[in-house]
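# A closer look at the structure
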Amino acid sequence: MAGARFAQPISYRWPTFLMKDNLINISNQTVVISTIAIGMTMVIITGGIELSVGSLIALASCLAAYFIRRYGGATDASTAAMIGYSALAILICGCMGLFTGAMVTLFSIPPFIVTLATMMVASGLAYIISSGYTIFEIPDAYTYLGRGTLFWGIPISVCICLLLYIAAHILMSCTAIGRYIYAVGGNREAARLSGVPVRFIFFFVYVVIALLAGFGGIITASQLKAGAPIYGVGYEMFVIASTVVGGTSLAGGEGKIFGTLIGSFIIATIQNGMNLLGVESYTQKVVLGLVILAAVLLDRLKQTDFFWTQRRAKAVPVEG
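No experiment lies behind these values; they were computed from the predicted model shown.

### A few points about empty space enclosed by the protein
Take a probe with the size of a water molecule and roll it over the atoms, and the empty space left behind shows itself. For the coordinates displayed, the defined rule picks out one cavity of 30 Å³ or more. Space inside the largest cavity adds up to approximately 60 Å³. Around the largest cavity sit S27, T30, V31, S34, V158, C161, L162, L261 and F265, which together line it. Where the lining of the largest cavity is concerned, the elements lending two or more residues are α2 (20–45), α7 (156–174) and α12 (257–276). Looking at which element gives the most residues to the lining of the largest cavity, the answer is α2, with four residues. A per-class count over the lining of the largest cavity returns six nonpolar, three polar and no charged.

Here is the structure:
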C-alpha cells in the first residue's frame, strides 16, 4: 500500500541471555557436569584425577536402558522396574570406581593410567551392551527425572544437584572424612603417619565419583529417553575444567565444593553466551581451552608464590 510506514523492532542481546527460560536452560544443560564435578573435586583434592567419567555416563545409560528393555518390560516397564534397574546401573559404575581405587591404592598405579584404562573398558562395555546402537525402548515416564520440573519451572535434576552440593559441602566441611581428604591431598605420608586411613580415603573418593558419573548417565538417559554408547564423550574435560576454574588446585589439598559449582556455571555461561552470539563450535573449543589454561596457570603461579616473589624483588634495592 502506497505511503505505508514500516517499523522495525530494535534487536537486543542481553535480555535474551537473562530471560528465565535461558537461565533455566543453562542450569539444565550443566546439571550432569556439575553433579560429577562434586566427585572430581574430592579426587583432585587428594591429588588424583579421573578420566573415565564420560565413559561411565555412557555405560550407565546403556545398562539402565538395556535392563529395562530386556527384563523390565521395555515401554511397559513399571516405576519400580525403572528405579531398580537404574539403581543397579549406578551400582555397577560404583564397582568400576572400586576397581579404580584398588589399582591406585593396592598397586600404586598412577591415577592417570588407571582411569585412562577404565575409560576404555567402560566405553567398550557400553558398545558391547548396546551392540553399537541407541537403546530407546523405554517408557515415556522415564523422562520424569531429566525433563520434569518443580516449582517455578526449575528442573527436578537441578534441585537434586543442589541437594548433592549441600550434602557434599557438609561432608567436606563438618566431618572427619572431609578433613581426611584434605589431609591426604596436602601430604599423603604425613597423613598416614598421623593415623589417617589413606587407602580408605582413596577408595571412598573414586567410588563416589563413579556413583555420581553413573547417576549422571541416568539423568542423560532420562533427558534423551534413550541409552547410547556415544553419551558423555569429552565430558571429563568439562568436569575437570569446572573443578579447576572453581578454585580446586591440581596439586591437591585445596578446593571448595561450592567453588566447583560456581566454576561449572562459569563454563556453562561462557558456552551459552557463545551460542547466543553465533560463535561456531570450533572457536568455542579454542575459547574454553584458553579458559582452562588460564585457570591452571593462575593456580600454578599461586602455588609457586610467583606474584609475591616479583613484588619482593622489586622492593629490594639493588646495590651499585
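### Considerations on the packing of aromatic side chains
Scanning the model with the defined rule gives six aromatic pairs in all. Measuring from ring centre to ring centre gives 5.8 Å for F67 and Y85, while their planes differ by 35°; the resulting arrangement is tilted. With F67 in helix α3 (residues 53–70) and Y85 in helix α4 (residues 79–106), the pair connects residues that are 18 residues apart, well separated along the chain. According to the relative accessible area criterion, Y85 is partly exposed, its value standing at 22%. With centroids separated by 5.4 Å and ring planes inclined at 90°, the aromatic side chains of F151 and W152 adopt a geometry described as edge-to-face.

### Things to note about a nonpolar patch on the surface
On the surface, a nonpolar cluster with roughly 530 Å² of combined accessible area is contributed by Y144, L150, F151 and W152. Within the secondary structure, F151 is located in the loop between α6 (144–147) and α7.

### A look at the packing of helix α8 (residues 176–186) against helix α10 (residues 198–224)
How two helices pack is summed up by the angle between their axes together with the distance between the axes. One way to put it is that α8 packs onto α10 with a least axis distance of 10 Å and a crossing angle of 105°. When the axis of α8 is compared with that of α10, the two are roughly perpendicular. Listed contacts from α10 to I177, Y180, I181 and V184 of α8 are V198, F200, I201, F202, F204 and V205. Classifying every residue of the contact of α8 with α10 gives 10 nonpolar, no polar and no charged.

Cut-offs used in this document
Residues numbered from 1 in each chain as written. Predicted model: local features only at pLDDT ≥ 70, side-chain atom pairs only at ≥ 80, totals over all residues. Heavy atoms only, no water. 1 Å grid on protein atoms, 1.4 Å probe; cavity = no way out; pocket = protein on both sides within 12 Å on 5 of 7 lines; lining within 4 Å. Points joined across faces, edges and corners; volume = space filled by probe spheres on them. Helix = DSSP H or I, 4+ residues; strand = E, 2+ residues; numbered from the N terminus. Nonpolar A, V, L, I, M, F, W, Y, C, P; charged D, E, K, R; others polar. Phe/Tyr/Trp six-rings, centres within 6.5 Å; stacked < 30°, edge-to-face > 60°. Buried < 20%, exposed > 50% of the residue type's maximum accessible area, 1.4 Å probe, protein only. Patch = residues over 30% accessible without salt bridge, like charges linked within 9 Å, V, L, I, M, F, W, Y side chains within 5 Å. Areas by Shrake-Rupley, 256 points an atom, 1.4 Å probe, with all protein chains shown as cover. Salt bridge = Lys/Arg side-chain N within 4 Å of Asp/Glu carboxyl O. Axes fitted to C-alpha atoms, helices over the stretch in contact; angles between N-to-C directions. Parallel < 35°, antiparallel > 145°, perpendicular 65-115°, else oblique. Contact = heavy atoms within 4.5 Å.

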